[in-house]
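Residues per chain, in single letters:
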Amino acid sequence: MKILVIGSGGREHALCWKLAQNPKVERILCAPGNGGTAQIGENIAIKDDDIPALVALSKEKQVDLVVVGPEMPLVLGLENALRQEGIPCFGPSAYPANLEGSKAFSKNVMADAGVPTAPFRVFDEFDQAVAFIKEKGAPIVVKADGLAAGKGVVVASTEEEAIEAVEDMMVRQSFGAAGERVVIEEVLKGEEASFLAFCDGINYALLPSSQDHKAIYEGDTGPNTGGMGAYSPAPVLPKEKYVETAELCIKPILRHLAAKGEPFKGVLYAGLMYTEDGPSVLEYNVRFGDPECQPLLMRLETDLLTIMFACIDGKLNQIEVKSSTQTACGVVMAAEGYPGAYPKGMEIIGLEEADAMEGVKTFQAGTKLVDGKVITTGGRVLCVTALGDDLAEAQRKAYEAVAKIHFDKSYYRRDIADKGLKRLK
Ligand code: AMP
Ligand code: GLY
């Protein structure tokens, strides 16, 4: 079988690595890919948002399956375009992908489906948004409606900050069309967790809980990033609560979309806040999280290709999706300066030594392969991931592996998984 994976992050390296474990997979193509995917298959220089070129490539190479990593191609309708050509695609079609593509759509679906979420209002007019902020007062959350590369959410602690955010989105149009409409909602307090499920439109199979670390600095301080590390399971969402949590935040969404004739197939990611009153959904993503994907795939025991075809064919109820009882912890090594400006072009050494450790795998993100050398090209460079019998062991092994890897001007948080360990004490 020939598979095309779309994307270029650590998540896509992990997807290629996992898919390659199936002996039926003869060839993996990745567009545009990175240094890690180049070591598994062949990279093809097509951007992830160039839908016509991706469809043409899939036809030309006669791929048997397209696996979509990031949200953008899904929101742009890659699955729909491929389906027209009879090419199987893992990932939802454009309408359900709006769960991530439009925060207003997502919040309205949550409200209609009865999913717990922060009270909210949607605004298309700047003056009305400002009036609402003045009426409600701070703290308050302002969100750009459309895709804003993870930067479209401001948790404002003062009215001025909230109004500034709305001005930035609606007047200065810092996020382009994505900010023409805003969602304003109540602030929720608690600890966050990620909960992902494979979905076939009707049935779902849960992955274990995980937790991301969005802030750049230790102690969850500083600006938000794409994610500086993740571990699974997250003690804030223990196994005993998976079923009830899914009935609260996965099942109603699938039912709602199926009833509309727009079934959700792919990975549904619920970003949860554990408040004093229980879980509340902050957002949905319509794909694997990055970096949550890396620890989750390290733990996944069932063949990924089988799961993906079961999702596409509506047969998820016919297979068992199993994850190991071990804990996985992934530490992101970034280039100093990220999420702001950062240097590129540094050579990475020590990857083989790290991966030689039992239960350790280094997934590459912002890298390229040049004459057999791995060179940095991005802000998030690596996600060094380790399995352990418990969280303490997984964390210790991940940092032991990190210590074996070197590139100039590297930066990583030293407290990935500390929050989980504290909860276990
Ligand atoms: P979102 O893209 O909607 O998940 O928002 C990104 C991040 O903003 C979340 O992971 C939270 O840390 C934070 N956030 C979003 N909505 C809220 C809320 N209602 N209350 C508190 N924090 C929030
Ligand atoms: N790790 C968060 C995300 O992928 O959106």
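Residues numbered from 1 in each chain as written. Chains lettered and ligands numbered in written order. Predicted model: local features only at pLDDT ≥ 70, side-chain atom pairs only at ≥ 80, totals over all residues. Heavy atoms only, no water.

Brief notes about the site of ligand 1
- Neighbouring ligand 1 are 14 residues, the closest being E185, E186, L188, E192 and E283.
- One nitrogen or oxygen atom from the side chain of K103 is found 3.1 Å from an oxygen atom belonging to ligand 1.
- Measuring from an oxygen atom of ligand 1, one finds a side-chain N or O atom of E283 at 2.9 Å.
- When isolated, ligand 1 has an accessible area of 470 Å², and the protein chains bury 88% of it.
- Of the residues assigned to the shell around ligand 1, the class counts are seven nonpolar, no polar and seven charged. (Near = heavy atom within 4 Å. Polar contact = N/O pair within 3.5 Å; in protein donor to acceptor, adjacent residues only side chain to side chain. Areas by Shrake-Rupley, 256 points an atom, 1.4 Å probe, with all protein chains shown as cover. Nonpolar A, V, L, I, M, F, W, Y, C, P; charged D, E, K, R; others polar.)

Section: the site of ligand 2
- Near ligand 2, the surroundings consist of D212, G226, Y269, N285, R287, G289, D290, P291 and E292.
- A distance of 3.4 Å is found between an oxygen atom of ligand 2 and a side-chain nitrogen or oxygen belonging to N285.
- D290 places a main-chain nitrogen or oxygen 3.0 Å from an oxygen atom of ligand 2.
- Here the shell around ligand 2 is composed, by residue class, of two nonpolar, three polar and four charged.

A short note on the pairing of strand β16 (residues 265-275)
- Most of β16 sits inside the fold, with 10 of its 11 residues counted as buried.
- Judged from the 10 bridges that link them, strand β10 (residues 191-200) and β16 form a sheet pairing that is antiparallel. Each residue of the ladder has a partner; that of E191, found in β16, is Y274.
- Relative to strand β17 (residues 278-285), β16 runs antiparallel, the two sharing seven bridges. Looking at the pairing, A270 lines up with Y284 of β17.
- Between β16 and β17, which pair antiparallel in sequence order, lie two residues. (Buried < 20%, exposed > 50% of the residue type's maximum accessible area, 1.4 Å probe, protein only. Helix = DSSP H or I, 4+ residues; strand = E, 2+ residues; numbered from the N terminus. Pairing = 2+ DSSP bridges.)

Brief notes about the packing of aromatic side chains
- Going through the model one piece at a time under the given rule, you end up with nine aromatic pairs.
- With a centroid separation of 5.2 Å and an interplanar angle of 75°, the aromatic rings of W17 and F363 are classed as edge-to-face. With W17 in helix α1 (residues 10-19) and F363 in strand β20 (residues 360-364), this pair connects stretches of sequence that are 346 residues apart.
- Look at F363 and you get buried, because its relative accessible area is 0%.
- Relative to Y242, the ring of F195 lies with its centre 5.4 Å away and its plane at 45°, an arrangement referred to as tilted. In this pair, F195 sits in strand β10 while Y242 sits in helix α10 (residues 242-249), placing the two residues 47 residues apart along the sequence. (Phe/Tyr/Trp six-rings, centres within 6.5 Å; stacked < 30°, edge-to-face > 60°.)

Points about the packing of helix α8 (residues 126-136) against helix α9 (residues 159-171)
- Orientation of α8 relative to α9, taken along the N-to-C sense of each, is 165°, at an axis distance of 10 Å. Between α8 and α9, the angle is such that the two are roughly antiparallel. In this structure, α8 meets α9 at a crossing whose hand is right-handed. The segment α8 lies against α9, with F126, A129, V130, I133 and K134 engaging E159, A162, I163, V166, E167, M170 and V171. (Axes fitted to C-alpha atoms, helices over the stretch in contact; angles between N-to-C directions. Parallel < 35°, antiparallel > 145°, perpendicular 65-115°, else oblique. Left-handed = near helix turned anticlockwise from the far one by under 90°. Contact = heavy atoms within 4.5 Å.)

A look at the side chain of Q364
- Position of Q364 relative to the elements: it lies in strand β20.
- Reaching out from Q364, the side chain makes a polar contact with the side chain of T367 at a distance of 2.8 Å.
- Among residues more than four places away in sequence, those in contact with Q364 are G9, G10, H13, N34, G35, G36, Q39, L351, V374, V381 and L382.

Considerations on the pattern of salt bridges
- A full pass over the atoms with the stated rule returns 23 salt bridges.
- As a salt-bridge pair, R83 and E79 come within 2.8 Å of each other at their nearest N and O atoms. Of the two residues, R83 and E79 both sit in helix α5 (residues 78-84), four residues apart, roughly one turn of that helix.
- Residue E185 is joined to K143 by a salt bridge in which the shortest nitrogen-to-oxygen separation is 3.1 Å. Of this pair, E185 sits in strand β9 (residues 182-185) while K143 sits in strand β7 (residues 140-144), and the two are 42 residues apart along the sequence. K143 carries the same exposure label as E185, and that label is buried. (Salt bridge = Lys/Arg side-chain N within 4 Å of Asp/Glu carboxyl O.)

Digging into the environment of L305
- Mapped onto the fold, L305 is located in helix α13 (residues 304-313).
- With relative accessibility at 3%, the residue L305 sits in the buried group.
- The spacing of L305 and E100 is 205 residues in sequence and 24 Å in space, taken between C-alpha atoms.
- Beyond its immediate chain neighbours, meaning those up to four positions away, L305 contacts M1, I3, L19, N22, V25 and L65.

Interpretation in functional terms is not warranted from these geometric data alone.
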